[in-house]
Amino acid sequence: MRSAGFGMERVLENLERMERLLGHLERHQTKRHVKNAFKEWLLASSSVINSIIDTLEEEQDTPAARKIKISTE
């Protein structure tokens with residue numbers, strides 16, 4: 001059976017790792033990079049959506065064949 005001290009050591013190690021990670025993220029301006037990546041993703045998504053809309057509009061503008069009634073008199 002594990003001792004209670006081992007569990008506390010593990011918690012402290014994890015906290016130290018988290019502190020190092022947060023420091024690393026802060027030094028490398030991760031917030032700015034994530035924000036820019038999100039903006040790029042939104043712009044790309046917008047372009048895809050606009051292309052789909054344009055394609056659907058083009059399909060609606062194409063002429064459709066219609067039946068013509070020819071009367072025989």
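The structure contained in this document is the topic of the report that follows.

Basis of the calculations
The numbering scheme is per chain: residues are counted from 1 as the chain's sequence reads. Given that this is a predicted model, residues contribute local features only at a pLDDT of at least 70 and side-chain atom pairs are listed and counted only at 80 or more, while totals for whole chains, interfaces and linings are drawn from all residues. The side-chain values count all of the structure's non-hydrogen atoms but skip hydrogen atoms and water molecules. Only DSSP runs of H or I covering at least 4 residues are called helices, and only runs of E covering at least 2 are called strands; the numbering of each starts at the N terminus. The buried label goes to any residue with under 20% of its type's maximum accessible area, the exposed label to any with over 50%, and the partly exposed label to all in between, with areas taken from a 1.4 Å probe on protein chains only. Only residues whose relative accessible area exceeds 30% and that form no salt bridge enter a patch; like-charged residues are grouped when within 9 Å of one another, and nonpolar side chains (Val, Leu, Ile, Met, Phe, Trp, Tyr) when within 5 Å. The Shrake-Rupley method, run with a 1.4 Å probe, gives the accessible areas here. Residue values count only the displayed protein chains as cover. By definition here, a salt bridge exists when the distance from a side-chain nitrogen of Lys or Arg to a carboxyl oxygen of Asp or Glu is within 4 Å. In this tally Asp and Glu are treated as negative and Lys and Arg as positive; neither His nor the chain ends contributes. The atom standing in for a charge is NZ when the residue is Lys, CZ when it is Arg, CG when it is Asp and CD when it is Glu. Only rings of Phe, Tyr and Trp enter the pairing, Trp through its six-membered ring, and a pair is recorded when the two centres are within 6.5 Å. The plane angle decides the type: under 30 degrees is stacked, over 60 is edge-to-face, the rest tilted.

What to know about the overall build of the chain
A tally of helices and strands in the chain yields two helices and zero strands. In the chain, which comprises 73 residues, the share counted as buried stands at 0%.

Some remarks on a negative patch on the surface
Together, Glu9, Glu13, Glu16 and Glu19 line one region of the surface with negative charge. Looking at where Glu9 falls in the secondary structure, it is placed in helix α1 (residues 4–27).

Points about the packing of aromatic side chains
For any pair of aromatic rings, the description rests on two quantities: the centre-to-centre distance and the angle between the ring planes. Overall, the coordinates contain one aromatic pair when judged by the stated rule. Both rings, one in Phe38 and one in Trp41, keep their centres 5.8 Å apart while their planes meet at 25°; by these two values the pair is stacked. Residue Phe38 and its partner Trp41 are both found in helix α2 (residues 30–61); the two are separated by three residues, about one turn of the helix.

What to know about a nonpolar patch on the surface
Side chains of Met8, Val11, Leu12 and Leu15 sit close together on the surface and give an oily, nonpolar patch of about 380 Å² of accessible area. Judged by relative accessible area, which is 45%, Leu12 ranks as partly exposed.

What about unusual backbone geometry?
Here the phi dihedral of Gln29 falls at roughly 50°; this positive angle occurs in a residue that is not glycine. Position of Gln29 among the secondary structure elements: in the loop between α1 and α2.

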